Amino acid sequence: VGELTEDTVGLAKDKYGREVLCALVETGRPAQLAVVAGLSGRCVEMCLDRQGCHVIQAVLRAVDLDLRCKVAQELHGAVQALTDSQYGNHVVQCMLQNLPADQIAFVAAEMD
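What counts as what
- Residues numbered from 1 in each chain as written.
- Predicted model: local features only at pLDDT ≥ 70, side-chain atom pairs only at ≥ 80, totals over all residues.
- Heavy atoms only, no water.
- Helix = DSSP H or I, 4+ residues; strand = E, 2+ residues; numbered from the N terminus.
- Buried < 20%, exposed > 50% of the residue type's maximum accessible area, 1.4 Å probe, protein only.
- Areas by Shrake-Rupley, 256 points an atom, 1.4 Å probe, with all protein chains shown as cover.
- Lys, Arg positive; Asp, Glu negative; His and termini not counted.
- Charge placed at Lys NZ, Arg CZ, Asp CG, Glu CD.
- Axes fitted to C-alpha atoms, helices over the stretch in contact; angles between N-to-C directions.
- Parallel < 35°, antiparallel > 145°, perpendicular 65-115°, else oblique.
- Contact = heavy atoms within 4.5 Å.
- Nonpolar A, V, L, I, M, F, W, Y, C, P; charged D, E, K, R; others polar.
- Left-handed = near helix turned anticlockwise from the far one by under 90°.
- Core = buried A, V, L, I, M, F, W, Y, C linked by side-chain atoms within 4.5 Å.

Caption draft 1: Spatial organisation of the overall build of the chain. Counting its secondary structure elements, the chain contains 9 helices and 0 strands. Projected onto its principal axes, the C-alpha positions of the chain cover 40 × 25 × 20 Å. Here the chain, with 112 residues, has 45% of them falling under the buried criterion. Working note: accessible area of the chain is about 5,600 Å², and carbon and sulfur atoms make up 50% of it. Within the chain, one finds 9 positive and 15 negative side-chain charges whose respective centroids are separated by 4 Å.

Caption draft 2: Region of the structure containing the packing of helix α5 (residues 52-62) against helix α8 (residues 88-98). Viewed as axis vectors pointing N to C, α5 and α8 meet at an angle of 0 degrees, and their least axial separation amounts to 9 Å. The angle between α5 and α8 falls in the class roughly parallel. Contacts from C53, I56, Q57, L60 and R61 of α5 reach α8 at H90, V91, C94, M95 and N98. Among the residues forming the contact of α5 with α8, the class breakdown is 6 nonpolar, 3 polar and 1 charged.

Caption draft 3: Quick peek at the packing of α8 against helix α9 (residues 101-111). Orientation of α8 relative to α9, taken along the N-to-C sense of each, is 140 degrees, at an axis distance of 9 Å. When the axes of α8 and α9 are compared, the pair comes out oblique. As α8 packs across α9, the resulting crossing turns out to be left-handed. Every residue of α9 that contacts α8 at V92, M95 and L96 is listed here: I104, F106 and V107. Grouping the constituent residues of the contact of α8 with α9 by class yields 6 nonpolar, no polar and no charged.

Caption draft 4: Focus on helix α6 (residues 65-74). Restricting attention to buried positions, one finds in α6 the residues L67, R68, C69, V71 and A72. Buried residues in α6 make contact with α3 (29-39), α4 (43-47), α5, α8 and α9.

Caption draft 5: Quick look at the side chain of Q57. Looking at where Q57 falls in the secondary structure, it is placed in helix α5. If we skip the residues at most four places from it in the chain, Q57 touches H90, V91 and C94.

Caption draft 6: Summary view of the environment of I56. Relative to the helices and strands, I56 is located in helix α5. Residue contacts for I56: discarding those within four places in its chain leaves L39, C43, M46, C47, V71 and V91.

Caption draft 7: Geometry of the nonpolar core. Counting 36 residues, the largest nonpolar core has V35, L39, I56, L60 and M95 as its most contacted members. Here the element with the most residues in this core is α5; it accounts for 6 residues. Discounting residues that sit within four places of it in the chain, L60 has contacts with R68, V71, V91, C94, M95, N98 and L99.

Quick look at the structure:
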């Protein structure tokens with residue numbers, strides 16, 4: 001896991017690399033922590049990327065609530081850009097489906 005997550009962003013932007021990361025997210029907490037740590041600070045960039053958005057969606061679907069909330073926190077201030085993006089739009093929809101209402105209230109506030 002460590003070697004695969006050394007370049008998480010590079011993998012996330014690659015068609016086959018993103019499939020590896022999505023599979024890692026499904027394997028359990030240690031891999032999930034590594035993937036989320038590798039994406040830290042780059043979640044908005046990943047949401048706007050054709051391949052990276054799939055990794056963010058996998059994280060939002062599969063990881064524990066604390067990690068989902070950590071990813072969602074990074075998206076504060078970027079909701080309008082995400083909804084305008086053909087890729088980011090899917091991430092916003094995934095957030096709305098997989099996070100509790102108190103964690104996504106910022107989405108509605110930023111769309112006004």
